[in-house]
Structure formats: structure tokens, C-alpha cells
Amino acid sequence: MTESGPTVGNTASISPELEPGQMTLRQTADVLGVSSTTLRKMIRRGLLPEAEKVKTFEGRVWAIPIDAVPGIA
């Protein structure tokens, strides 16, 4: 049986276009059980300084370090 979705304890690369140890905004929102809009507001307010915009083959996306997730909750 396999797990579905990202988990904070898994340090492997969750998204192939991001660096290992990073999650997209949507993945982070799913792990935390909040909306991506809530996370975007936190980023705009400076409450998530670890988040950075990165260029991927799908375009520019927010990358959030897995290590920062426990501090968000």
C-alpha cells in the first residue's frame, strides 16, 4: 500500500521540477489542510520568508522548504 500525497517526514523530492526537500504551494496547502490562498497571503505578509519563486518547466511556482512546514502550522 502506498501513501497518497506529500508528507512532511519524507525528505525525497516531492515534485520532480523542484529541488529535493521543497514542495509547491498547493502541496504545502494540502499537507497543512489550508487553502493555497491562505499561504499566498502569508507569503505577501512576510510570514513565510522561506518561500521563493522558482522557474520550472511548468512556469514560475512557489517553492517551500519541507523543513519550514512544521513552523507554518
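Every value quoted in this text rests on a predicted model; they were computed, and no experiment measured them.

### Comments concerning the overall build of the protein chain
Alright, step 1. Scanning the protein chain for helices and strands turns up three helices and three strands.
Alright, step 2. Helices and strands appear in the protein chain in the N-to-C order β-α-α-β-β-α.
Alright, step 3. Burial status across the protein chain gives 34% buried among its 73 residues.
Alright, step 4. For the protein chain, contacts bridging at least 24 residues in sequence account for 47% of all contacts bridging at least 6.
Alright, step 5. Working note: accessible area of the protein chain is about 4800 Å², and carbon and sulfur atoms make up 50% of it.

### Side note on the nonpolar core
Alright, step 1. Counting residues in each nonpolar core, the largest one holds nine residues, listed as Leu25, Ala29, Leu39, Met42, Ile43, Leu48, Ala51, Ile64 and Ile72.
Alright, step 2. Of all the elements, helix α2 (residues 36-44) adds the most residues to this core, at three residues.
Alright, step 3. The contact partners of Ala29, leaving out residues within four places of it in the chain, are Val34, Ser35, Ser36 and Leu39.

Basis of the calculations
Residues numbered from 1 in each chain as written. Predicted model: local features only at pLDDT ≥ 70, side-chain atom pairs only at ≥ 80, totals over all residues. Heavy atoms only, no water. Helix = DSSP H or I, 4+ residues; strand = E, 2+ residues; numbered from the N terminus. Buried < 20%, exposed > 50% of the residue type's maximum accessible area, 1.4 Å probe, protein only. Contact = heavy atoms within 4.5 Å. Areas by Shrake-Rupley, 256 points an atom, 1.4 Å probe, with all protein chains shown as cover. Core = buried A, V, L, I, M, F, W, Y, C linked by side-chain atoms within 4.5 Å.

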